[in-house]
Amino acid sequence: DRGGLVGHNGSGKSTLLSILNGQLNPDGGDISRSGDLLLETVEQFIDSRLNERTLFEALHEKLPAEEQDFNEFKVTMMLQQMGFNETEFRFKVADLSGGQQNRLMFARAVISNPTLILFDEPTNHLDLQTLLFFEDLLTSLDTAYLLVSHDRHFLDAVTERTVFLRDHRVYSFSLPYSEASIRLNEHDDAAQAMRKVEEKKIRELRASAKRLAIWGKVYDNEKLARKAKNMEKRVERLEGDKTFVTSGSGLKLTLDVKNVQANRMLQIDDRQILSPGLDPKPLFYIDNLFIRPGDRMALLGHNGVGKTTLIKLIMERFETDSAGDFIKFNPQCDIGYYDQELELLNPNRSMTQTLEDNCNTGDYKAALIKAGFPYLDLDKKVAVLSGGEKARLMFLLIKLNHPNFLVLGEPTNHIDIKGKEDLESQILESNATILITSHDRRFVDIIADRFILIDQHELRELNDPQTFYD
């Protein structure tokens, strides 16, 4: 089995994995495991106890005890397969990049030849190059696996079965995500149609029972009264057996942007972009970059080429020197900024206070409730919110400020698939001007209509992103 486990934030995916691998005990029910099961789990983050070990040591310790004395070549082969060179074998785990740590976690899981691997959001925080690397590894892996992911393209590439966790229930389809999602929607439509038929029948029976009960009372007819009671019992049974209809995720993601009449939102000409810090180095050169109202532009490039630097520079200049000549902003330009680290959100403030701190006007509690946050949670501190809840709070903050230009840094990192689909439809319906960086290929393909690439220390425009993916 090559399965994907999909569900809304908070639906219980990580909890289910913890029950399957024995870290949590279920409150009830049974789990059956085959006698020869060898199970490994790839967590979202590296175990901190490995930080002071070398890369080689961290993988070597995962060999079966009987192999550790003579199978060092197996460790070397595995690390080379994962893209490491011999110099990096001596690096401490703490000094590895996030992508390198993910490769190490994968190597630790597969070196003992398990029969089943559980992956908890393996694509989170991966750069596109590492993500494509994992796609190749998984498709060539001769092991059963179940993985939690919100990356639709990744799920389609590496899974043949999809398990949806929703409404405290499991829906399983022997199909990759996109096809399974269509089948689940068809199931929902059929359930809605059946529910309408059932509720119509219940209304008719309830009306008949009421009518018979009145006649039985008026005419003192025990037979009619008994018939009315039997009908009421039947209504109760039908109510209990009604077809289940999904209630959805609860949380809603919405955007509200203003339109602007202008021929340019911003323009940068003949500029060298430098790295931040006390000893800046040239990153790339911009000959001419302009963004028009309604453009949906994706900024592409490998990690470290300067994408985040450019976005932070745009925001810094917008806030401190919007009339300057380094970046020419249209006077009507009003930016809504979503940074991938969500640093604008103060962890010590509540959700309501966060909106009060960063928005001009509005009934903030009503806005939070409308966005699907429960009334009892409105005074929760930002620090205790999940990544998905923080992301939705950030988008609500942007919506309440009505910008006309959205700058979005990795906006899909923390939101579930339903949230991504909400965001896509909101952006497309709003005709918003967008500048995005994202490793989510499906999101980029759906949203963007212009593509700029930082490559070989230059910024240039592409006709489509496939050139970069290749």
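Just above sits the structure.
Please read all numbers here as calculations on a predicted model, not as lab measurements. (Residues numbered from 1 in each chain as written. Predicted model: local features only at pLDDT ≥ 70, side-chain atom pairs only at ≥ 80, totals over all residues. Heavy atoms only, no water.)

Caption draft 1: Seen up close, the nonpolar core. Ranked by internal contacts, the top residues of the largest apolar core, which has 88 residues, are Phe 106, Leu 138, Leu 355 and Leu 393. Considering every element that reaches this core, the biggest residue donor is helix α12 (residues 387–400), with eight residues. With residues up to four places along the chain from it excluded, the contact list for Phe 106 reads Val 42, Met 82, Phe 119, Phe 134, Leu 137, Leu 138 and Leu 141. Core analysis: the second largest hydrophobic core is formed by 29 residues, Met 265, Leu 283, Phe 284 and Ile 452 among them. (Core = buried A, V, L, I, M, F, W, Y, C linked by side-chain atoms within 4.5 Å. Buried < 20%, exposed > 50% of the residue type's maximum accessible area, 1.4 Å probe, protein only. Helix = DSSP H or I, 4+ residues; strand = E, 2+ residues; numbered from the N terminus. Contact = heavy atoms within 4.5 Å.)

Caption draft 2: Expanded view of helix α4 (residues 98–110). A rise of 1.5 Å per residue sets the reference length of α4, with its 13 residues, at 18 Å; its end C-alpha atoms lie 19 Å apart and thus fit the reference within 8%. Of all the 13 residues making up α4, twelve are buried; the element is thus mostly covered by neighbouring parts of the structure. What α4 keeps buried is the set Gly 99, Gln 100, Gln 101, Asn 102, Arg 103, Leu 104, Met 105, Phe 106, Ala 107, Arg 108, Ala 109 and Val 110. Lining the buried residues of α4 we find β2 (39–42), α2 (55–60), α3 (72–81), β3 (116–120) and α5 (128–140). (Expected span 1.5 Å × (residues − 1).)

Caption draft 3: Main features of the sheet that holds strand β4 (residues 144–148). With mixed pairing, six strands are arranged side by side in an open sheet as β2-β3-β4-β1-β5-β6. Strands with a single pairing partner mark the edges of an open sheet, and in this sheet they are β2 and β6 (169–173). Mean inter-strand twist for the sheet, computed between neighbouring axes without regard to direction, equals 15 degrees. Bridging between β2 and β3 involves four bridges; their strand directions are parallel. Counted as the bridge partner of Val 42 is Phe 119 from β3. Strands in contact with α4 are β2 and β3; relative to β2, the strand with the most contacts, it is inclined by about 175 degrees. (Pairing = 2+ DSSP bridges. Axes fitted to C-alpha atoms, helices over the stretch in contact; angles between N-to-C directions.)

Caption draft 4: Seen up close, a positive patch on the surface. A cluster of basic side chains, namely Lys 201, Lys 229, Lys 233, Arg 234 and Arg 237, defines a positive patch on the protein surface. Here the positive patch takes four residues from helix α8 (residues 222–240), the largest share from any one element. (Patch = residues over 30% accessible without salt bridge, like charges linked within 9 Å, V, L, I, M, F, W, Y side chains within 5 Å. Areas by Shrake-Rupley, 256 points an atom, 1.4 Å probe, with all protein chains shown as cover. Salt bridge = Lys/Arg side-chain N within 4 Å of Asp/Glu carboxyl O. Lys, Arg positive; Asp, Glu negative; His and termini not counted. Charge placed at Lys NZ, Arg CZ, Asp CG, Glu CD.)

Caption draft 5: Looking closely at the environment of Asp 241. Structurally, Asp 241 can be placed in the loop between α8 and β7 (266–274). Spatially, the C-alpha atoms of Asp 241 and Ser 425 are 35 Å apart, while their sequence positions differ by 184 residues.

Caption draft 6: Spatial organisation of the pattern of salt bridges. Taken as a whole and assessed by the stated rule, the structure comprises 29 salt bridges. Arg 317 is the partner of Asp 321 in a salt bridge, and the nearest nitrogen-oxygen pair spans 3.6 Å. Relative accessible area serves as the criterion here: at 31%, Asp 321 is assigned to the partly exposed category. Since its relative accessible area comes to 24%, Arg 317 is described here as partly exposed. Each of Asp 47, Arg 49, Arg 53, Glu 61 and Arg 108 takes part in salt bridges that share partners, so that together they form one network.

Caption draft 7: Highlighting the packing of helix α10 (residues 351–358) against α12. In contact at an axis separation of 10 Å, α10 and α12 are set at 35 degrees when each is read in the N-to-C sense. In this structure, α10 crosses over α12, and the sense of that crossing is right-handed. Within the contact between the two elements, α10 uses Met 351, Thr 354, Leu 355 and Asn 358 and α12 uses Leu 393, Leu 396, Leu 397 and Leu 400. Across the contact of α10 with α12, the residue classes break down as six nonpolar, two polar and no charged. (Left-handed = near helix turned anticlockwise from the far one by under 90°. Nonpolar A, V, L, I, M, F, W, Y, C, P; charged D, E, K, R; others polar.)

Caption draft 8: Spotlight on helix α13 (residues 417–430). With 14 residues, α13 should cover 20 Å at 1.5 Å per step; its first-to-last C-alpha distance of 20 Å lies within 8% of that length. The complete set of buried residues in α13 reads Ile 417, Gly 419, Lys 420, Asp 422, Leu 423, Glu 424, Gln 426, Ile 427 and Ser 430. Between a side-chain oxygen at the N-terminus of α13 and the backbone nitrogen of Lys 418 the separation is 3.3 Å; the capping residue is Asp 416. Immediately downstream of α13, the backbone of Asn 431 shows phi near 55 degrees, a positive value. (Polar contact = N/O pair within 3.5 Å; in protein donor to acceptor, adjacent residues only side chain to side chain.)

Caption draft 9: Spatial organisation of the packing of aromatic side chains. Within the structure shown, the criterion is met by ten aromatic pairs. Consider the rings of Phe 56 and Phe 89, whose centres lie 6.2 Å apart with planes at 40 degrees: the pair is tilted. Linking Phe 56 in helix α2 with Phe 89 in the loop between α3 and α4, this pair joins segments that are 33 residues apart in sequence. For the pair Phe 56 and Phe 89, one class covers both residues: buried. One aromatic cluster in this structure is built from Phe 106, Phe 119, Phe 133, Phe 134 and Tyr 145. A cation sits over an aromatic face here: Arg 169 above Phe 244, 3.6 Å from the ring centre. (Phe/Tyr/Trp six-rings, centres within 6.5 Å; stacked < 30°, edge-to-face > 60°. Lys NZ or Arg CZ within 6 Å of the ring centre and 35° of its normal.)

Caption draft 10: Representation of the side chain of Asp 295 within the structure. Position of Asp 295 among the secondary structure elements: in the loop between β8 (282–291) and β9 (296–300). Looking at Asp 295, its side chain comes within polar contact range of the side chain of Arg 450, at 2.7 Å. Those residues within four positions of Asp 295 in sequence are excluded, and the remaining contacts are Phe 290, Ala 432, Thr 433, Ile 434, Asp 449 and Arg 450.

Caption draft 11: Fine view of a nonpolar patch on the surface. Taken together, Ile 214, Trp 215, Val 218 and Tyr 219 make up a surface patch of nonpolar side chains, about 470 Å² in accessible area. When you line up the elements, Ile 214 lands in helix α7 (residues 177–218).

Caption draft 12: Quick peek at the environment of Ile 311. Counting through the fold element by element, Ile 311 comes out in helix α9 (residues 307–320). For Ile 311 and Ile 327, which are 16 residues apart along the polypeptide, the C-alpha to C-alpha distance reads 12 Å. Other than its neighbours up to four places away in sequence, Ile 311 contacts Leu 299, Tyr 337, Val 407, Leu 435 and Thr 437.

Caption draft 13: Region of interest: the state of the cysteines. The full count for this structure, using the stated rule, is zero disulfides. Among the cysteines around Cys 333, which has no disulfide bond, Cys 359 carries the closest sulfur, lying 18 Å off. (Disulfide = S-S within 2.5 Å.)

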